[in-house]
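Survey of secondary and tertiary structure
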Amino acid sequence: MGTNLMVNQPESIRPGKADFAALLVANVLLALGPLFVRIADVGPVATGFWRMTLAFPVLALLAARGGPVRLSRGLVVALILSGLLFAADLASWHLGIVRTKLANATLFGNSASLMFPIYGFLAARAWPTRRQGGALGLAAIGGVMLMGRSYELSPEHLVGDLLCLLAGLFYTFYFVMIARARTALAPLPLLAISTLASTVPLLLLAVSLGERILPSDWTPLLLLALCSQLIGQGLLTYVLGRLSPLVIGLGLLAQPVAAAVIGLVIFGERLGAPDLAGAVLVGLALILVRQPDPKAA
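Residues numbered from 1 in each chain as written. Predicted model: local features only at pLDDT ≥ 70, side-chain atom pairs only at ≥ 80, totals over all residues. Heavy atoms only, no water.

**Quick notes on the overall build of the protein chain**
When you go through the protein chain residue by residue, the secondary structure sums to 13 helices and 0 strands. Ordered by position from the N terminus, the helices and strands of the protein chain form the series α-α-α-α-α-α-α-α-α-α-α-α-α. Expressed as a percentage of the 297 residues in the protein chain, the buried residues total 52%. Residue pairs at least 24 apart in sequence account for 91% of intrachain contacts in the protein chain once pairs closer than 6 positions are excluded. (Helix = DSSP H or I, 4+ residues; strand = E, 2+ residues; numbered from the N terminus. Buried < 20%, exposed > 50% of the residue type's maximum accessible area, 1.4 Å probe, protein only. Contact = heavy atoms within 4.5 Å.)

**Some details on the pattern of salt bridges**
Counted under the stated rule, the structure contains 1 salt bridge. The shortest N-O distance in the salt bridge between Arg-242 and Asp-19 comes to 2.9 Å. In this pair, Arg-242 is assigned in the loop between helix H10 (219-239) and helix H11 (245-252) and Asp-19 in helix H1 (residues 17-30), connecting sequence segments 223 residues apart. (Salt bridge = Lys/Arg side-chain N within 4 Å of Asp/Glu carboxyl O.)

**A look at the environment of Arg-51**
Within the fold, Arg-51 resides in helix H3 (residues 44-64). A residue is classified by how much of its surface remains accessible, and Arg-51, at 2% relative accessible area, is buried. On a C-alpha basis, the gap between Arg-51 and Leu-224 in space is 5.9 Å, while along the polypeptide they are 173 residues apart. Residue contacts for Arg-51: discarding those within four places in its chain leaves Leu-30, Phe-86, Leu-90, Leu-224, Ala-225, Ser-228, Gln-229 and Gln-233. Within polar-contact distance, the side chain of Arg-51 engages the side chain of Gln-229 at 2.8 Å. (Polar contact = N/O pair within 3.5 Å; in protein donor to acceptor, adjacent residues only side chain to side chain.)

Take a look at the structure:
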């Protein structure tokens, strides 16, 4: 793998407007995922299986238009591992989604928003600048405030929160593998192969849990595949090769903001003052990280 990947240069990258817009669109669409998981008439892990299975043929066709892809043994291992990690992420997250609030599930599931930037700085062997540290601090405080009443840690939500937190850990390792693979492979074939590698583990786990596999209503699953995997994860895979881990991580916090709004509109999960304040702080962090760093000028 090369060493000139964006992940190794977090201190000097300012995202372009189109890349940053793609990041935000990706995260808003990904925030719709918990909604489709809740309304699907199959098991939560089975929804993850269908998300990948329905998206794969489209991704494969799009990837094939770019011609044959040469894969080294190390790249194949990285892609298979990324698929397994993403399967573990989806399984944990989807099991948690049905056991907690939408905003909680999205926030804990995206704890990679803080873990992935830390990996970026460690990989680059560089400390964050004052501006970057400030953005991370605002994002961390905003993320905690977005949990709002989740800090009651009621028995009703605790198991779901812990499952989503575990999913966030798997998601971080998935990002690391995908970011490394992006040095040698374009986004579409990368996402197609990783998606394929996720399908069998998800199906096996869904069957072992005794979940319902075949739906009577395909609409939520088709929307999940379209919004979350084809467009949302597709855009996220694209920007992984163009934006730093810091920007990617902070962008992930757009998901709990969007999910909180979805939870309010669809499920009546009311937003309190801490939720609103947290959303503002996340917005400020995103604005701050887009400003040019004086040290990089």
